[in-house]
Amino acid sequence: MKEEKKIRKKIKIEDLLPRDPVRVDLDAILDYVQGKAVLVTGGGGSIGSEICRQLAGHGVGHLIIFDIYENNAYQIQKSLEWEFPRLHMTVLIGSVRDERRLQSMFSRYRPDIVFHAAAHKHVPLMEDSPNEAIKNNVFGTYKMARSAARHGVKRFVLISTDKAVNPTNIMGASKRLCEMVVQMMNRRSETEFVAVRFGNVLGSNGSVVPLFEQQIAHGGPVTVTHPEITRFFMTIPEAVSLVLQAGYYARGGEIFVLDMGQPVKIDDMARQLIRLSGYEPDVDIPIIYTGLRPGEKLYEELLMDEEGLRETANRLIHIGQPINMDDEAFCRQLAVLERACESNSPDIRQYVADMVPTYHPKTDQRA
């Protein structure tokens, strides 16, 4: 590799997408948050912090940021204080797994709207710690949802993922259970519970692009799991603007599915990023294939076959029809699942598979 070779241009994340950026007129639809108290869980994360930033710019009455990770919470707090000095903002540290903390927060701050972005999201890490995925994602969501319903929240928006569709990993299966929780809670309360499902977000914490950039900066190699692996991608602002618009369309019970465009080959993205960095793939920077990781698919899906689709006023946002389920039986299964994960059961995948028929766990994985 030639050390003296210069970066040709500053890389823009959107340069990696084979389409024009999605534009949403948030001014036209965000009146539903104006003057309202809005709670964002995981508010210091990649998606949560962008939700906070866009809410701050559109007249939110009181922005309540809730996160377990104090460094992220501190960063978004200072950023918003600088950018929006008149913003009424409260930043709280705590876990969505702590029901007493949630009850105290909801009682004191009385949010009108909740965006629930807090979750464990890394597929390989959750394959090695599946009980933690269930404790945090499923029961964090369930406890949040119950607290929201008890305290009269008007609208609750769950951030979900394409990995919830026909999941092959515990993270995806946990998010499918989260979708089932909010659909069940929607039928049992006055709160409008909805989910928004989308694919991978370019540039988010721990995502593939920052990893590739780091590998390129060190001279390679760039690691791709499989030459044919594909993923749906959006930029963080694109995904969040569509999440906020889906919140505007929400009437309760919907799973909103964002149109992510055509799936992108990770290998193509790696090669493009190398070129945009001023190098030649396989000449200056080698690419090596490391093999699919546990629970990883070659491709993702955004919709389950049973759900069907209906359109909204935005052609990029669709609604998947809810799957029929027995709410009483589901609640009983949740109670069994909670006891299993709290005892760190080695059989947690089987408990989940009994509740999510489309989840087919692979054997010989750690608990």
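Predicted model, so just to flag it, every value in this text is computed and none were measured. (Residues numbered from 1 in each chain as written. Predicted model: local features only at pLDDT ≥ 70, side-chain atom pairs only at ≥ 80, totals over all residues. Heavy atoms only, no water.)

A.B. asks: Looking at this model, I keep getting lost on the overall build of the protein chain. Mind explaining?
C.D. replies: Within the protein chain one finds twelve helices and 15 strands. Rg of the C-alpha trace for the protein chain: 21 Å, near the compact-globule value of 21 Å for 367 residues, within the 12% margin. Seen through its C-alpha atoms, the protein chain measures out along the principal axes to roughly 60 × 55 × 40 Å. Residue burial in the protein chain is summarised as follows: out of 367 residues, 56% are buried. Taking the contacts inside the protein chain whose residues are at least 6 apart along the sequence as the reference set, 79% of them involve residues at least 24 apart. (Helix = DSSP H or I, 4+ residues; strand = E, 2+ residues; numbered from the N terminus. Rg over C-alpha atoms; globule rule 2.2 N^0.38 Å. Buried < 20%, exposed > 50% of the residue type's maximum accessible area, 1.4 Å probe, protein only. Contact = heavy atoms within 4.5 Å.)

A.B. asks: Is there a simple way to explain helix α11 (residues 327-342) in this structure?
C.D. replies: Note that an α-helix has 3.6 residues per turn; residues three or four places apart therefore point the same way. End to end, α11 covers 22 Å across 16 residues, agreeing with the expected 22 Å (1.5 Å per residue, within 8%). When we look at burial in α11, the residues that qualify are D327, F330, C331, L334, L337, A340 and C341. Lining the buried residues of α11 we find α6 (130-150), α7 (170-188) and α12 (348-355). Taking the backbone nitrogen of E328 as reference, a side-chain oxygen 3.1 Å away marks D326 as the first, capping residue of α11. N344 sits one or two positions beyond α11 and adopts a positive phi of about 55°. (Expected span 1.5 Å × (residues − 1). Polar contact = N/O pair within 3.5 Å; in protein donor to acceptor, adjacent residues only side chain to side chain.)

A.B. asks: Would you explain the sheet that holds strand β3 (residues 89-93) in this entry?
C.D. replies: Strand-to-strand pairing in sheets goes through backbone hydrogen bonds, with the strands running parallel or antiparallel. Taken together, nine strands build an open sheet; the order of strands is β3-β2-β1-β4-β5-β6-β11-β15-β14 and the sheet is mixed. The strands lining the two open edges of the sheet, one partner per strand, are β3 and β14 (309-311). Going from strand to strand, the sheet's axes swing by 25° on average, the running direction of each strand aside. As paired elements, strand β11 (residues 255-258) and strand β15 (residues 317-320) share four bridges and run antiparallel to each other. In the sheet register, L258 faces β15, and the bridge partner there is I317. Helix α3 (residues 70-83) rests against β2 (62-67) and β3 of the sheet, and its axis sits at about 170° to β3. (Pairing = 2+ DSSP bridges. Axes fitted to C-alpha atoms, helices over the stretch in contact; angles between N-to-C directions.)

A.B. asks: How do you make sense of unusual backbone geometry when you look at a structure like this?
C.D. replies: Across the chain, the bulk of peptide bonds are trans and the bulk of non-glycine residues have phi less than zero. Put simply, G220 and P221 share a cis peptide bond, and its omega is 0°. Tracing the sequence through the fold places P221 in the loop between α8 (208-217) and β8 (222-224). Look at N166: it is not a glycine, yet its phi comes out positive at around 45°. For N166, the position within the fold is in the loop between β5 (155-161) and α7. Judged by its relative accessible area of 23%, N166 is partly exposed. The phi torsion at D282 lies on the positive side, around 65°, for a residue other than glycine. One can find D282 in the loop between α10 (266-276) and β13 (287-289).

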